[in-house]
Number of protein chains: 2
Amino acid sequence: MCDENTSVAKPAGEIVSVNSYLKDFSGFENTRILSENTQAKTINLLGNFQGKSGQAIVLLQKSCFIHDHLPNLLTGKTILNKQFDNDIYGTYDCQPPPELNGITATIIHPATEKHIAKYEAKPHHVIEETPALYQSVTLPHLKAEQFNLQWVYNIIEGTAEQDRVVYASPSSEEKTGFILVPDLKWDGKNLENLHLIAIPYSKGILSLRDLTSDHLPLLLNIDTQGKKAIEEKFGLPASQLRIFFHYQPSFYHLHIHFTSLRHEAFGIHAGKAHLLTSVINNLELLSTYYQKATLPFFLKESDNLFSKFEEHGIVRKFELNPTKVESGDGKGNGE
Amino acid sequence: MCDENTSVAKPAGEIVSVNSYLKDFSGFENTRILSENTQAKTINLLGNFQGKSGQAIVLLQKSCFIHDHLPNLLTGKTILNKQFDNDIYGTYDCQPPPELNGITATIIHPATEKHIAKYEAKPHHVIEETPALYQSVTLPHLKAEQFNLQWVYNIIEGTAEQDRVVYASPSSEEKTGFILVPDLKWDGKNLENLHLIAIPYSKGILSLRDLTSDHLPLLLNIDTQGKKAIEEKFGLPASQLRIFFHYQPSFYHLHIHFTSLRHEAFGIHAGKAHLLTSVINNLELLSTYYQKATLPFFLKESDNLFSKFEEHGIVRKFELNPTKVESGDGKGNGE
């Protein structure tokens, strides 16, 4: 589609992108790993090409398995190096021919500082928030930062997004009523990634931490009416729904996510998501469960709340690299 | 560690696993794709090896990027076939030398129908397992099905995988001792996707459901010694670890996963993963928490346990398609 050897004339001093002529990775010098995702098998690198001006970002991602390639992939040409076996199980490092096992590479050159920040990861940390730490660190921080909740009040007071409402309790149900609306991230089209949010009318319940058995009528109402509305409107039965709180949430007016079980949504992992069933059950077992429990959660170093826990000596920053396993039993990295 | 060409003599009629001699995929006939995950770049296949009895399951997963390989990967030996470029952005199909771009293959042979069901894609359902349902449905099912735990006993009794042990308590610690070994899915190379399993010496603790405050010394020991061993051996501090149980687990000898926080591993979602901190905290708040709690979890329709809940009228099968939202307020699908 384009002649790779033709470089378009550029004004003097402007850097010509390596993308106009690159055939392989000759001359690439990797200066830093910006981020990676071991689940998705991606890695984002920063570096430069010898003799060329400007920084280059290289985004690599392993390809998913292509069905058409399978008959050629699973032959004698694909070597199996055994790592170990045990009874009926064997694990191998398997090396297929290169043309059957590609990597998708995206190269951004010349890259600006903004591009670099976009692809750079900051480490997350586990914080084990005891009730005392909630009172001394988290709560004062929330009060000081106080996100603007006007957009939430606009929804529950009926002055915004009214055409999107899936269910709304009668306004007389001040304590147990709620409104169910699509989450901003849902396209509203596919049931695969259905994502709704239930927002109680009652103000001042910041998060899970504030819940006691007094809130059981509210939570049970959301559970029952939310499931009923979704089955009626979208035909998804309750057994196909993942219903959960986030802790920490992204805003501090209590709210509950209803998503399709098939949707591997961001933020469904243990320590971030708390299933409504478990929350109801915990309050039934112990009315003050959420005032007494240690709640572990995950914080990025760039989060303001992280700095507060750092100031209290609860957690410290961690250098992400190097991350390889060293031979012998010496310390691999980090400290 | 073991001579790959020596096949242990088996009683007549017993199938010898291909894992005792396999060097490549010669003779493999793929009969069915059981499931795949395009995000994680994994595919699970069913098939057989020509001239060999018994079915084989082949689990393939693209490896994540190994940092040590990067200097060799990003050279002139790695070909870039341009797909397109636009201004500073270029996208390529990139073909590295095979030894730098492996696939992890796990082969299960001979595989039973149960193994096949385990790796086959079917819709999942939420099951809210009350204590009564555990007693009347889950427990009788576990007792009837009873997976073979010999491979677990081989590990804790020191007859298999001993060269892989990261930490082992003194054998005198019968009640609180455990062994820490790499999970089968970990390549053992990158800290990014570190995945170890702690297995208590004590037999007969099936799962979370059996835990009471009597087990706190065991759990606290695993928490303390597991974190210490990982920091000493791999340099990863506790704030970089995700430590959790699965419920339902894949086998019923209590075990605990230690993974790198950066590893978005399979099975870390709420309702499947239970963080060790929360489990300890729940037992401290209420000794019989796990005998009294309703534990929600997710079951595949192909799971034998699903049929049991179905027989009891707790859940029913659901047709995955069609899944688009219909206009109007008619039922979208399902019923």
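The shown structure was predicted, so the numbers you read here are calculated from the model rather than taken from an experiment.

1. Points about the side chain of B:N193
Right, on to step 1. By the element assignment, B:N193 lies in the loop between β9 (178-182) and β10 (195-200).
Right, on to step 2. Classification of B:N193 as buried rests on a relative accessible area of 9%.
Right, on to step 3. In this structure the side chain of B:N193 is engaged in a polar contact, spanning 3.2 Å, whose partner is the side chain of B:W186.
Right, on to step 4. Contact partners of B:N193, with chain neighbours within four places excluded, come to A:T38, B:C64, B:W186, B:D187 and B:H263.

2. With respect to the environment of A:T176
All names here are of chain A.
Right, on to step 1. In this fold, T176 is placed in the loop between β8 (167-168) and β9 (178-182).
Right, on to step 2. Taking the relative accessible area as the measure of exposure, T176 reaches 23% and is therefore partly exposed.
Right, on to step 3. With 41 residues separating them in the primary sequence, T176 and P217 have C-alpha atoms 6.2 Å apart.
Right, on to step 4. Setting aside residues up to four positions removed in sequence, T176 forms contacts with P217, L218 and N221.

3. Concerning the interface of chain B and chain A
Right, on to step 1. Every contact between the two is made by 131 residues of chain B and, on the other side, 123 residues of chain A.
Right, on to step 2. Carbon and sulfur atoms supply 58% of the area buried between chain B and chain A, which totals about 11,200 Å² over both sides.
Right, on to step 3. Considering only the surface of chain B that becomes buried against chain A, B:K62, B:F65 and B:L74 emerge as the three largest contributors, covering 7% of it.
Right, on to step 4. Summed over the shared surface of chain B and chain A, the result is zero salt bridges.
Right, on to step 5. Taken together, the links from chain B to chain A amount to 54 residue pairs in polar contact (both at pLDDT 80 or more).

4. Considerations on the packing of helix α5 (residues 216-234) of chain A against helix α6 (residues 276-285) of chain A
Residues and elements named next belong to chain A.
Right, on to step 1. As a packed pair, α5 and α6 sit with axes 11 Å apart at the nearest point and diverge in direction by 155°. One finds that α5 runs roughly antiparallel with respect to α6. Classified by chirality, the crossing of α6 by α5 is left-handed. On the side of α5, the interface is formed by L216, L219, L220 and D223, while α6 contributes L276, V279, I280, L283 and E284.
Right, on to step 2. Its residues assigned to classes, the contact of α5 with α6 shows seven nonpolar, no polar and two charged.

Parameters and conventions
- Residues numbered from 1 in each chain as written.
- Chains lettered and ligands numbered in written order.
- Predicted model: local features only at pLDDT ≥ 70, side-chain atom pairs only at ≥ 80, totals over all residues.
- Heavy atoms only, no water.
- Helix = DSSP H or I, 4+ residues; strand = E, 2+ residues; numbered from the N terminus.
- Buried < 20%, exposed > 50% of the residue type's maximum accessible area, 1.4 Å probe, protein only.
- Polar contact = N/O pair within 3.5 Å; in protein donor to acceptor, adjacent residues only side chain to side chain.
- Contact = heavy atoms within 4.5 Å.
- Buried area = accessible area lost by both parts, 1.4 Å probe.
- Salt bridge = Lys/Arg side-chain N within 4 Å of Asp/Glu carboxyl O.
- Axes fitted to C-alpha atoms, helices over the stretch in contact; angles between N-to-C directions.
- Parallel < 35°, antiparallel > 145°, perpendicular 65-115°, else oblique.
- Left-handed = near helix turned anticlockwise from the far one by under 90°.
- Nonpolar A, V, L, I, M, F, W, Y, C, P; charged D, E, K, R; others polar.

Spatial relationships are all this shows, so hold off on functional conclusions.
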